[in-house]
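Fold and geometry: a report
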Amino acid sequence: MDISLSRKLAILRRLSDKPATFSELAAIFGGTWQEIRNDLQELFTVELSEKGFFESPIDLIFDLAGGPDSVVQLVQAPHWQPTYSFAEVIAVLAAVDNLIATTDPAAQTALRTLRADLVTAATAAGYGESLWPAPQNGVARAVYGVILESLLARQKIRISYWKAAPGGAQPYSYDIYPVDISTAGKPRLIAANDRKELREYRLDRIGSAELIAGTVSKNLVRRIRQQWANAEPEFGGIKTTLWCEQWARWVAESVPATTEIVAGLLRIELDARPEWLLELAMQLGTGLQKVEDPYVAHQLAQAADILAQEYQ
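Predicted model only: the values in this text are computed from it and were never measured.

So, the packing of aromatic side chains
This structure, assessed with the given rule, holds four aromatic pairs. Arranged with centres 5.2 Å apart and planes meeting at 85 degrees, the rings of Tyr-161 and Tyr-201 form a pair that is edge-to-face. A residue pair is termed long-range when its members are at least 10 positions apart, and Tyr-161 in strand β6 (residues 155-163) and Tyr-201 in strand β9 (residues 198-202) qualify at 40 residues. Residue class for Tyr-161 comes out buried when judged on its relative accessible area of 1%.

Side note on the pattern of salt bridges
Overall, the coordinates contain five salt bridges when judged by the stated rule. Among the ionic pairs, Arg-267 bridges to Glu-269, the shortest N-O distance being 3.7 Å. Looking at Arg-267, the relative accessible area reads 18%, which means it is buried. The structure contains a network of salt bridges with shared partners spanning Glu-260, Arg-267, Glu-269 and Glu-292.

Some thoughts on unusual backbone geometry
At Arg-154, a residue that is not glycine, the phi angle is positive and equals roughly 55 degrees. Here Arg-154 shows up in the loop between α6 (141-153) and β6. Given the relative accessible area of 26%, Arg-154 is considered partly exposed.

Here's the deal with the confidence of the model for the protein chain
Any region with low pLDDT has predicted coordinates that should not be read closely. Looking at the protein chain, the pLDDT average stands at 75 and 73% of residues meet or exceed 70. Low pLDDT (under 50) marks residues 47-54, which in the prediction has 11 contacts with non-local residues, meaning those over four places away or in another chain. Of the regions scoring below 50 in pLDDT, residues 231-235 engages in 15 contacts with residues more than four places distant in sequence or in other chains.

Digging into the sheet that holds strand β13 (residues 265-272)
Strands sit in the order β12-β13-β11-β14 across an open sheet of four strands; the sheet is antiparallel. The two strands at the open ends of the sheet, each matched to only one other strand, are β12 (257-262) and β14 (288-291). Looking at each pair of strands side by side, their axes are set apart by 25 degrees on average, direction ignored. Relative to β13, strand β11 (residues 238-244) is paired through seven bridges, and the arrangement is antiparallel. Counted as the bridge partner of Cys-244 is Leu-266 from β13.

Focus on the side chain of Arg-267
Along the polypeptide, Arg-267 turns up in strand β13. When near neighbours in sequence (up to four residues on either side) are disregarded, Arg-267 contacts Thr-241, Leu-242, Trp-243, Thr-258, Thr-259, Glu-260 and Glu-292.

Some thoughts on the sheet that holds β9
Pairing is antiparallel across the open sheet formed by five strands, whose spatial order is β9-β8-β7-β6-β10. Looking along the sheet, the strands with just one partner apiece sit at the ends: β9 and β10 (206-215). Averaged over all neighbouring strand pairs, the angle between strand axes comes to 50 degrees, with direction disregarded. Of the strands in this sheet, β6, β7 (170-182), β8 (188-192) and β10 are in contact with α6, which crosses β10 at around 25 degrees.

What to know about the environment of Ile-206
Structurally, Ile-206 can be placed in strand β10. Between the C-alpha atom of Ile-206 and that of Val-143, which follows or precedes it by 63 residues, the distance is 7.5 Å. The contacts of Ile-206, once residues within four sequence positions are left out, are Val-143, Ile-147, Ile-159, Ser-160, Tyr-161, Leu-189 and Tyr-201.

A look at the side chain of Lys-156
Locating Lys-156 in the fold gives a position in strand β6. In this structure Lys-156 comes out as buried when scored by relative accessible area, which is 10%. If near-sequence neighbours (up to four positions away) are discounted, Lys-156 is found in contact with Asp-175, Ile-176, Tyr-177, Asp-194, Glu-210, Leu-211, Ile-212, Ala-213 and Gly-214.

Things to note about α6
Between its terminal C-alpha atoms α6 stretches 18 Å, which fits the 18 Å expected from 13 residues at 1.5 Å a residue. Of all the residues in α6, the buried ones are Val-143, Tyr-144, Val-146, Ile-147 and Ser-150. The buried residues of α6 occupy an angular sector of 165 degrees when the element is viewed end-on, so they sit on one face. More than 90 degrees from the buried face of α6, the exposed residues found are Arg-141, Ala-142 and Leu-152. After α6 finishes, the residue Arg-154 shows a positive phi value of roughly 55 degrees.

What counts and what doesn't
Residues numbered from 1 in each chain as written. Predicted model: local features only at pLDDT ≥ 70, side-chain atom pairs only at ≥ 80, totals over all residues. Heavy atoms only, no water. Phe/Tyr/Trp six-rings, centres within 6.5 Å; stacked < 30°, edge-to-face > 60°. Helix = DSSP H or I, 4+ residues; strand = E, 2+ residues; numbered from the N terminus. Buried < 20%, exposed > 50% of the residue type's maximum accessible area, 1.4 Å probe, protein only. Salt bridge = Lys/Arg side-chain N within 4 Å of Asp/Glu carboxyl O. pLDDT = per-residue confidence, 0-100. Contact = heavy atoms within 4.5 Å. Pairing = 2+ DSSP bridges. Axes fitted to C-alpha atoms, helices over the stretch in contact; angles between N-to-C directions. Expected span 1.5 Å × (residues − 1). Arc of directions from axis to C-beta.

Below is the structure:
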């Protein structure tokens, strides 16, 4: 999806209400007044083929040589109206929601305006009850900037990541090497830990981020991205099923897993190494109610007995 196009459409929507200056539009939609002027200039020069000849669909009045206080006026609103099927509206809404969660916050105003227009039109057509609410604010601008800088420099970052826990969500600190951003499902940051194991972190749960010492090589980034694309995570191992309290849902948001709620408990099916499962069991504590696979349960019990003896 062209984010710049949704931004231009949102600017036109604002100008259809009343004229505004370049600086006023920049304050609303983000960026500099010069960027707003360039966006409007592109709109002004767009031509559409119609009935064998060309005409400009956008009739704007503004001074190309003007400054930030120059007034922009929309003389005639565009007369064309796109038509979408309900299935197409659902697809576009899903794409816009993903962009809201992953794009620069400066572009989110335009995206949210576009989304509101789609919802209004779908509601007027009788489909309002089939739509879902708009997403909450996505990744914070400061966090987004640090992640982008880290991806470009392949530098290590420290994040504060919110997880569900007994008594309410709690922030946890992680030192990671970001390698990519996935927009499949809920947008997530793909990153490696110090053991070069791949992990996922939901962008909307990262409370803060800062650059710290440490870099990762280009070859490792390339290898991890290829590994992720092939869906062969390094932490794969024994297939097992865990029964947990529902607050343990964060497990499925950190590694590839399938989940379902059964009789009030969270059933998690995943592949993992025994040593990783032991670390997980220690983190979950009483939140881990049952390990379905007898072999895995036996291995965890043996490891737990050894640890208990060492700490006695």
